[in-house]
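This is what each chain is made of:
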Amino acid sequence: MTDRELLNLAKEASENAYAPYSRFKVGAALECMDGRIFTGCNIENGALGSTMCAERVAIYKAVSEGEKHFSRIAIYGEGEEYCLPCGACRQVMGEFSQDMEVLCARGSGGYVSYRLKELLPHPFKFGNF
Ligand code: THU
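How each quantity is defined
- Residues numbered from 1 in each chain as written.
- Predicted model: local features only at pLDDT ≥ 70, side-chain atom pairs only at ≥ 80, totals over all residues.
- Heavy atoms only, no water.
- Near = heavy atom within 4 Å.
- Polar contact = N/O pair within 3.5 Å; in protein donor to acceptor, adjacent residues only side chain to side chain.
- Areas by Shrake-Rupley, 256 points an atom, 1.4 Å probe, with all protein chains shown as cover.
- Nonpolar A, V, L, I, M, F, W, Y, C, P; charged D, E, K, R; others polar.
- Buried < 20%, exposed > 50% of the residue type's maximum accessible area, 1.4 Å probe, protein only.
- Helix = DSSP H or I, 4+ residues; strand = E, 2+ residues; numbered from the N terminus.
- Contact = heavy atoms within 4.5 Å.

Novice: Where do I start with the site of the ligand in this structure?
Specialist: As a structural note, the neighbourhood of the ligand is formed by Ser-22, Phe-24, Val-26, Asn-42, Glu-44, Thr-51, Cys-53, Ala-54, Glu-55, Leu-84, Pro-85 and Cys-86. One of the side-chain nitrogen or oxygen atoms of Asn-42 is found 2.9 Å away from an oxygen atom of the ligand. Between Cys-86 and the ligand, the recorded distance is 2.9 Å, taken from a backbone N or O atom to an oxygen atom. Taken by itself the ligand offers 370 Å² of open surface, and the protein chains cover 78% of this. For the shell around the ligand, the class distribution of residues is seven nonpolar, three polar and two charged.

Dropping the structure here:
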């Protein structure tokens, strides 16, 4: 799958976002090492802290289906800024795949690409695990 195809899936997923509070729709498309794809969108809650980001929805869907090794994630957010993952999502990505690629698109067009290591060079690690 090309970057562009993965980004299109992320954009499509953003259409399912439940974002009545921020009105900021985000979509993610996660590619696993074996080629399976999982998508996610942000799901907000009136108790704002219970909101979940699109990236983590996609990752948790994948892990709950037995996938733990990821090659790429595409993220799409409306607007003029490239949609980069928040700190919590970076940490969750790093739990599974420190070397994955992170493609970040914006509503006004184009995308930028990073390795997770660039975005989270010094992750928290739990003891000797
Ligand atoms: N959001 C994501 O889905 N992913 C991120 O990496 C950052 C933020 C969502 C959460 C919330 O619904 C909206 O964007 C505004 O913060």
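Novice: Looking at this structure, I do not really get helix H3 (residues 87-96). What am I missing?
Specialist: Given 3.6 residues to a turn, an α-helix orients residues that are three or four positions apart in the same direction. When H3 is considered as a whole, its buried residues turn out to be Cys-89, Arg-90, Val-92, Met-93 and Gly-94. If you follow the buried residues of H3, they end up packed against helix H2 (54-64), strand S3 (70-77), strand S4 (101-106) and helix H4 (116-119).

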